[in-house]
Amino acid sequence: MPDHPTKSSISRGPRDERPIVEFNGVTRAYGSRLALDDLNLALEPGELTFLVGPSGAGKTTLLKLINREVRPTKGEVWIDGIAAHALKASHVAELRRRVGVVFQDYKLLPRLTARENVALALQVGDLRVSDQEAKERALDALEAVGLGDRGDALPHELSGGQQQRVAVARAVVRQPPLLIADEPTGNLDVETAWGIMDLLEDIAAFGITVLVATHNIEIVTRLQRRVLTLVDGRLVRDQPAGQTGRMAWLAWS
Amino acid sequence: MAGVVVKGRFPRRHVMAAVAKNVFRYLFQGAARNWARNFSSTAPALSSMTLLLSLSGLIGLSGFALYNLEKIESGQASVLHVYLRDDADATDVFTLRSRLALDPRVASVNYTSKADALKHAQSMPGLPQLADSSESNPFPASLDVQVKSINDVAAIDAMVRTNAAVDPVYPTSYDRGAYQRIQAVLLGVAIGGLAFVALLGFVAVTVTINSIRAAIHSRRDEVTILQLVGAPRWMVRGPFIVEGAITGSLAGAAAGVVTFALALAGIAEGSASFSQFAPGVTITVAALAATIVFAAGLGLGSGSSLLSVRRHLEA
């Protein structure tokens, strides 16, 4: 059990002793409706984990709690040793710099090129990064996702799969310890979706914890990674990696 | 993954330059670009703020003039002009002057001859025509008595009005209640002016808040992305506040020019009468008023934006 937040602006514990993500008895209510109900879970460094469940099960709420877009009604959320549940609004940015985020709709700035979109994440998070350094590191990240030659392209000049690759590059360019993805393959065809999943697997292989919320049951069953199944805000199953999920059918509903 | 993204080191000599460049880019350059892009939604705020500040500048100058007028009137109210008969005996005049000078309630007594009275009248707005219309000098000689306390003016008036040297028809300048009436009028004008400025201020702040809200709404995707990639709060809020400051400073500059130009026009058009109706309003004062109007615009724009950002951005 983590310590309670200290008086410092962001309370952190010894990193090596903690999971990257830790939920302790987390409940999140919207009015009288419970989006998450007494949730306990832990994600270790380098884990690729799928989050499945029917619509309205609480997957997006869970991701929002990790990124401190919402606070828990009850319980504790620890992200890389940071007490997200007790974090003041003025310090949320510090947490978010440690969490890469990938969305179903990519969320790229349409007026910026692919390289500028990636560099933006570097420079807004750390003003000391010069243009030259940001450019080089952004190109490195784009190279890593297979788009080294499309750095000057605007988002509308790229396919959906390429835009999602740019979004992945933006999410990892700062080398965060955690990457969360909300339906990253939802807008992509099957082949492109597998390309994105290959990327996420590679990222996890480099020690970054990856949590993917998805409805794509084929990907979940074939990759044989850890699967968390949410139903009505409750974690009904936590399948370890390597097991075929009996509850995977829930993702279809 | 096909490659490893290696975190770079920051050469120390470049750090400050990089920080300054990034702050300028994300705070000021971005704000200026967005302000120009969203001009249509900013225009109502700019217009209403310019109108408000222009009127405030003019009301402020008027208030300053009224303040000076009040001081002059206050000083004049404690001066009692004792008008002398045209045929008054010099000895009687001397005796009266001595008596007044010895009175402990009197600060000073000056004698104004008929010729001096005419000369003074000719410098007053409207009076030169009157002075020139008569072949003889219609203005009487007088003893100008500076009374120490305004409360003793009535007693001095009562003491001198039956004196043999004093004009029996129009003995003194004493007018009971005149000073209080002037003060009441000035107070009313001041309250009315302040209420008007407050109303205009409320309108301008409301319009500005709404224009910034529209700007936030039109860029909500960009704001969301910035927040999600870890932009600090000041970087998300800052450009909107700078946009408000741009609107405010432009409105302030325009209103400052209007204030200064109108004041200059007033001074140039009729310096003699203007200095009577707006005492103390000089070119320096007009320039100071224009500067204050500009600063008020800057503050109003920034403050309104800050309010709007606090109310709408975090929501």
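Residues numbered from 1 in each chain as written. Chains lettered and ligands numbered in written order. Predicted model: local features only at pLDDT ≥ 70, side-chain atom pairs only at ≥ 80, totals over all residues.

Enquirer: How should the overall build of chain A be read in this particular structure?
Expert: Along its length, chain A carries 7 helices and 10 strands. Relative to its full complement of 253 residues, chain A shows a buried share of 48%. A fraction of 68% describes how many contacts in chain A between residues 6 or more apart in sequence connect residues 24 or more apart. (Helix = DSSP H or I, 4+ residues; strand = E, 2+ residues; numbered from the N terminus. Buried ≥ 20, exposed ≤ 12 C-beta atoms within 10 Å, placed from the backbone. Contact = placed C-beta atoms within 7 Å.)

Enquirer: Would you mind showing me how to read the overall build of chain B here?
Expert: Per the secondary structure count, chain B includes 11 helices and 3 strands. The secondary structure elements of chain B, listed N-terminal to C-terminal, are α-α-β-α-β-α-α-β-α-α-α-α-α-α. The buried share of chain B, reckoned over its 315 residues, is 30%. Here the contacts in chain B between residues at least 6 apart in sequence split such that 86% fall between residues at least 24 apart.

Enquirer: I'm lost on the packing of helix 5 (residues 160–172) of chain A against helix 6 (residues 190–205) of chain A in this one. Help?
Expert: Geometry of a packed helix pair, given as the angle between the helix axes and the separation of the axes. Residues and elements named next belong to chain A. Where helix 5 meets helix 6, the axes come as close as 10 Å, and the angle between the chain directions of the two elements is 15 degrees. Between helix 5 and helix 6, the interaxial angle falls into the category roughly parallel. Helix 6 is crossed by helix 5, and the crossing has right-handed handedness. Seen from helix 5, the contacting residues are Gly160, Gly161, Gln164, Arg165, Val168 and Val172; seen from helix 6, they are Thr192, Gly195, Ile196, Leu199 and Ile203. Counted by class, the contact of helix 5 with helix 6 contains 5 nonpolar, 5 polar and 1 charged residues. (Axes fitted to C-alpha atoms, helices over the stretch in contact; angles between N-to-C directions. Parallel < 35°, antiparallel > 145°, perpendicular 65-115°, else oblique. Left-handed = near helix turned anticlockwise from the far one by under 90°. Nonpolar A, V, L, I, M, F, W, Y, C, P; charged D, E, K, R; others polar.)

Enquirer: How do you make sense of the interface of chain B and chain A when you look at a structure like this?
Expert: Where interface size is given, it is often the accessible area lost as the parts come together that is meant. Between chain B and chain A, the residue contacts involve 24 residues of the former and 30 residues of the latter. Breaking the side of chain B that touches chain A down by element, the ones donating at least two residues are helix 1 (12–37), helix 8 (220–228) and helix 9 (233–269) of chain B. Here the side of chain B that touches chain A gets 7 residues from one element, more than from any other, and that element is helix 1 of chain B. Taken together, the residues of the side of chain B that touches chain A sort by class into 16 nonpolar, 5 polar and 3 charged.

Enquirer: Teacher, can you tell me more about helix 1 (residues 59–66) of chain A here?
Expert: Since one α-helical turn is 3.6 residues long, residues separated by three or four positions face the same way. Residue and element names in this part refer to chain A. Helix 1 sits mainly inside the fold: 6 of its 8 residues count as buried. Regarding helix 1, the residues found buried are Lys59, Thr61, Leu62, Leu63, Leu65 and Ile66. In the segment just after helix 1, Arg68 is the residue with positive phi, at about 55 degrees.

Enquirer: Looking at this structure, how should I read the sheet that holds strand 3 (residues 142–147) of chain B?
Expert: By definition, the strands of a sheet pair up through backbone hydrogen bonds, in either a parallel or an antiparallel sense. Residue and element names in this part refer to chain B. Sheet architecture is open: 3 strands sit in the order 1-3-2, paired in antiparallel fashion. At either end of the open sheet lies a strand with only one pairing partner, and these are strand 1 (79–83) and strand 2 (106–112). Taking the axes of each pair of neighbouring strands and ignoring which way they run, one obtains an average angle of 20 degrees across the sheet. The strands that helix 6 (residues 153–160) touches are strand 1, strand 2 and strand 3; relative to strand 1, the one it contacts most, it runs at about 10 degrees. (Pairing = 2+ DSSP bridges.)

Enquirer: It is not clear to me how helix 8 of chain B should be interpreted in this structure. Could you clarify?
Expert: For helix 8 of chain B, every residue scored as buried is listed here: Ile225, Leu226, Gln227 and Leu228 of chain B. Contacts made by the buried residues of helix 8 of chain B are with helix 2 (92–96), strand 6 (99–103) and helix 3 (114–125) of chain A together with helix 9 of chain B. Positioned one or two residues after helix 8 of chain B, Gly230 of chain B has a phi angle of 95 degrees, which is positive.

Enquirer: Is there a simple way to think about the nonpolar core in this case?
Expert: Generally speaking, nonpolar side chains in soluble globular proteins are found buried as a group. Counting residues in hydrophobic clusters, the biggest one holds 87 residues, and the most contacted among them are Ile79, Val118, Ala169, Leu179 and Leu200 of chain A. In this structure Leu200 of chain A touches Leu48, Ala181, Val210 and Val212 of chain A, once residues within four positions along its chain are discounted. In this structure, Leu53, Val205, Ala254 and Val293 of chain B belong to the second largest nonpolar core, which totals 35 residues. (Core = buried A, V, L, I, M, F, W, Y, C linked by C-beta atoms within 7 Å.)

Enquirer: Mind showing me how you'd approach the pairing of strand 8 (residues 209–213) of chain A here?
Expert: Residues and elements named next belong to chain A. Counted residue by residue, strand 8 has 5 buried out of 5 residues, so it is predominantly covered. Of the two faces of strand 8, both are covered, the one formed by Thr209, Leu211 and Ala213 as well as the one formed by Val210 and Val212. Relative to strand 8, strand 3 (residues 48–52) runs parallel, the two being bridged by 4 bridges. Residue pairing in the sheet places Phe50 in a bridge with Val212 of strand 8. In terms of strand pairing, strand 7 (residues 178–182) meets strand 8 through 5 bridges, oriented parallel.

Enquirer: Help me understand the confidence of the model for chain B in this model?
Expert: Any residue range with low pLDDT should be treated as having predicted coordinates unsuitable for detailed reading. Looking at chain B, the pLDDT average stands at 82 and 87% of residues meet or exceed 70. Model confidence for the complex is summarised by a pTM of 0.69, with the ipTM given as 0.80. (pLDDT = per-residue confidence, 0-100.)

Enquirer: Hey, could you run me through the packing of helix 3 of chain A against helix 4 (residues 131–144) of chain A in this one?
Expert: Residues and elements named next belong to chain A. Here helix 3 crosses helix 4 at 115 degrees, and the two axes come no closer than 8 Å. Judged by the twist between their axes, the crossing of helix 3 over helix 4 is right-handed. Between helix 3 and helix 4, the residues in contact are Ala114, Arg115, Val118, Ala119, Leu122 and Gln123 and Ala134, Lys135, Arg137, Ala138, Leu139, Ala141 and Leu142, respectively. Considering only residue class, the contact of helix 3 with helix 4 consists of 9 nonpolar, 1 polar and 3 charged.

Enquirer: Explain the environment of Leu100 of chain B to me, please; I cannot follow it from the model alone.
Expert: Residues and elements named next belong to chain B. Positionally, Leu100 belongs in helix 3 (residues 90–102). A count of 21 C-beta atoms within 10 Å places Leu100 in the buried class. If we ignore the near neighbours within four places in the chain, the residues touching Leu100 are Val106, Val109, Leu143 and Val145.

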